[in-house]
Amino acid sequence: MRTISITVFIFFLFFNSTTAIAQGNAFAEPGKKFITGIKGTFSGRVTDAATGAAIAGATVYISDIRSGTASDAAGHFKISNIPQGIHLVEISHIGYSSIVENIDISTDVTKDYALSESIIENNAVVVTGVTGATQLKKVPFAVSVLRREDFFRNTSSNIIESLTKISGVSTLATGPAISKPVIRGLSYNRVLTINDGVRQEGQQWGDEHGIEIDEASVHKIELLKGPASIIYGSDAMAGVVNIITNVPVPVNTIKANLSSNYQTNNHLSTINLNMGGNKNGFNWNLYTSNKAAGDYKNKYDGRVFNSKFTENNIGGYAGYNGKWGFSHLIISNFNLKAGLIEGERDGDGFFIKNLAGGITERANNQDFKTSTPFIPYQHIRHFKIATDNNIKLGKNQLTFNIGYQQNQREEFGNPDNTGERALFFNLKTITYTAQYRLAEMKGWKTSFGINGMQQKNTNKGEEQLIPDYSLFDLGVYAFTQKTIKHITLSGGVRFDNRNVHASALLDGSAIKGNAFKRSFSNFSGSIGMAAQVTDAVNLKFNIARGFRAPSIPEMASNGAHEGTIRYEYGNTRLKSETSLQLDAGIDYNTEHISVGLSAFYNSFDNFIFYRKLQSAMGSDSIVNYNGEDLTAFQFDQTKAALTGLEATVDIHPHPLDWLHILNTFSVVSGQLRNPVEGNTYLPFIPASKLVTEFKGSFNRLTKQVQNFYIKFEVDNTFSKKNVFTAYNTETVTTGYTLLNAGIGTDFVNKKNQTIFSLGFSALNIGDVAYQNHLSRLKYAEENQATGRMGVFNMGRNFSIKLNIPLTVNLNK
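Right, let's walk through the structure included here.

Thresholds applied
Residues numbered from 1 in each chain as written. Predicted model: local features only at pLDDT ≥ 70, side-chain atom pairs only at ≥ 80, totals over all residues. Heavy atoms only, no water. Helix = DSSP H or I, 4+ residues; strand = E, 2+ residues; numbered from the N terminus. Rg over C-alpha atoms; globule rule 2.2 N^0.38 Å. Buried < 20%, exposed > 50% of the residue type's maximum accessible area, 1.4 Å probe, protein only. Contact = heavy atoms within 4.5 Å. Pairing = 2+ DSSP bridges. Polar contact = N/O pair within 3.5 Å; in protein donor to acceptor, adjacent residues only side chain to side chain. Axes fitted to C-alpha atoms, helices over the stretch in contact; angles between N-to-C directions.

1. What to know about the overall build of the chain
Alright, step 1. The number of helices and strands found in the chain is 5 helices and 49 strands.
Alright, step 2. Rg of the C-alpha trace for the chain: 27 Å, near the compact-globule value of 28 Å for 812 residues, within the 12% margin.
Alright, step 3. C-alpha extents for the chain along the principal axes are approximately 80 × 60 × 50 Å.
Alright, step 4. Split into buried and exposed, the 812 residues of the chain put 57% on the buried side.
Alright, step 5. Expressed as a percentage of contacts within the chain between residues at least 6 apart in sequence, the contacts between residues at least 24 apart total 65%.

Set out below in structure tokens:
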């Protein structure tokens, strides 16, 4: 009922605003008609600052109105039908530093731009953690940007793995198909994923649950490091991964991209088709992708049985952009079948498969090659439909979206009945967001907002890991930003309330966990400053309070934790996690060197972790589960703190301006304030990492070969010795060095139009056998033949990518 009321309220705002605009008198003085129809054009030319040559394909984009274009072969661009007012425009191209500035559309505007070469993106437009499009240099916290071109030049098995190129970002992986983002040492429900303004809700609390978004649809990813609860509410304690797919193509054009990728290690093959059109403001997009992979291999394990997967996705949107704003309807369907790697081997070290009747058999070459998973495997389907709207109300704006998601995760693990669902989570979520942005006045940009969700989970499998439950939360906030010459101050406050109603946890017909109701309320806030001290130096400082309500597994679990010796009990008395984080950063950018340095300190109250239970006799509490004695644990809370440092140095020496030597370093440390079993280290903190990349970039190698690059990378991951050894939670991990390389280019015709793009890459050239500290496969069963614990990461891998673009001008 509460969700219905909010939905009705938002649509009421939408109806009244559009009606008022149509009638022209909503904000008019008596006897006068409010003018909303003034529209202008923005045109110009984009060139290379060093050579003066035209840059074809440069993106000119206005984020707040979802409108943009690309420069033609001569570098010319033009955007029409821009609503009256001040708009933040971004001019960007791969290999160049973006130009960002405000344009005042009261009449037609014409201006030329010259872009300077750069590898590091330090001047982009971002929309994450703020209430409107903002220049990256003016936000007080750390935000990194990756674009579609970056994903094409990098090789990974899924979209989240691509984010590890960002310092301070790692992944917690369960094979090539499943990866979870880890930001500054925190993951699971402490990292929030946003997709086109909609909070992504799957089963993100689980180890085997990844992000259900098709990488072929991604246009841009903005990654915010640090608490963002003020805008997004619960769970955004470590940061936000904002995935943007809904970007209209230029007016009166149709664009298409056909792309494919093949990787040699696990025979991964992908094919993607993405098409979009825009006719006089009516715009649409349609994409589909298919991905299949066999078992990957490494030097120690050979082929890793059941690391295979298949993925098939489809989605798109349709909408209209007009003088009053825009309204889009977005639909997507994600479908993944992924094997669950158990690492079982026989006495000779060969992987085995489970067959009906309790029989086991060695996996053979044909088993390794097929992309169809064996038992056990999981089937994940994620359907989403949402509206994305921006309505112009005089000089102000109302943005809102409403989304519906259904996440279905099935796990199959019975060889005697392959159709039996051991687990089946059916999660349905309605999300809502509304934000009212006041027009900029004397340097002030202020917004008020409301967002939240209603959620219901139902178990349909043979077993229950978590109970059926329903959840409703609501948050309201105010955020403001003030620019005083070269200093930008920003901050805000927020209040949230979340109500959870969990049913009894069942084991067949027996109750093993009582039903309960809980309510959580919290205040959040932040204040920060960004200062452009000189043309070369930018300083940032931010302090923010974040929070996270306990997850359902933390409150209601009662069972054995797969792959461990633990029997876990939830704790319905848990309080909300709260944190206070201090961020500081400095960026120094000149023609031949760029340096970025960020440091943070994150202090937690009520940090949720698990502790060992004691029996009445004072010894460890033991639970006999299916004939096996397991040590009992329960979720508890304590104080904790994380500290870290991230550094980036990009050297591009004169006269070798084509050469870039990029170094990125990150380190994070987590400490428990109160020792547990004599141990003070937080578990699953990523190892320190130093990556050095030598890259040659040639924007125009010949008339037919443009945007050529060649790179060589040394990826050093240090050993991880400060680990949480209590309860056999984690073990020390040795360091390793990986060598990677890549080469690619765009091939163009006589009109300077791209015919196709081609990219080659080689990962782990030395075929090093290694285990990432955050890989769950590190704790798989011991290989009895070699004595090595767990399963190792992927070995040497070669990749080839092809992208074929097509553009049709509907005016010709």
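2. Regarding the pairing of strand β40 (residues 593-612)
Alright, step 1. Both strand β39 (residues 577-589) and β40 contribute to a ladder of 12 bridges, which runs antiparallel. Residue pairing across strands places Ile586 opposite Leu597, the latter belonging to β40.
Alright, step 2. As consecutive antiparallel partners, β39 and β40 are separated by 3 residues.

3. Observations regarding unusual backbone geometry
Alright, step 1. Across the junction of Ile375 and Pro376, the peptide omega takes the value 0°, indicating a cis bond.
Alright, step 2. By secondary structure assignment, the location of Pro376 is in the loop between α4 (365-369) and β27 (377-393).
Alright, step 3. Despite not being glycine, Arg184 has its phi angle at roughly 50°, a positive value.
Alright, step 4. Within the fold, Arg184 resides in the loop between β13 (179-183) and β14 (191-195).
Alright, step 5. Owing to a relative accessible area of 4%, Arg184 belongs among the buried residues under this scheme.
Alright, step 6. One non-glycine residue, Asn252, adopts positive backbone phi at about 60°.
Alright, step 7. Locating Asn252 in the fold gives a position in the loop between β17 (239-244) and β18 (253-263).

4. Comments concerning the environment of Arg45
Alright, step 1. One can find Arg45 in strand β1 (residues 39-48).
Alright, step 2. Looking at Arg45, the relative accessible area reads 28%, which means it is partly exposed.
Alright, step 3. Through-space distance from the C-alpha of Arg45 to that of Val537 is 28 Å; in sequence the pair is 492 residues apart.
Alright, step 4. Residue contacts for Arg45: discarding those within four places in its chain leaves Gly52, Ala54, Ala74, Gly75, His76, Phe77, Lys111, Asp112 and Tyr113.
Alright, step 5. From its side chain, Arg45 meets the backbone oxygen of Ala74 in a polar contact 2.8 Å long.

5. Things to note about the sheet that holds strand β6 (residues 99-105)
Alright, step 1. One open sheet holds the 4 strands; their spatial order is β3-β2-β5-β6, and the pairing between them is antiparallel. The open sheet terminates on both sides in strands that have one partner only, identified here as β3 (67-70) and β6. Across the sheet, the axes of successive neighbouring strands diverge by a mean angle of 20°, strand direction being ignored.
Alright, step 2. Pairing of strand β5 (residues 85-92) with β6, which is carried by 7 bridges, proceeds in the antiparallel orientation. In the sheet register, Ile91 faces β6, and the bridge partner there is Ile99.

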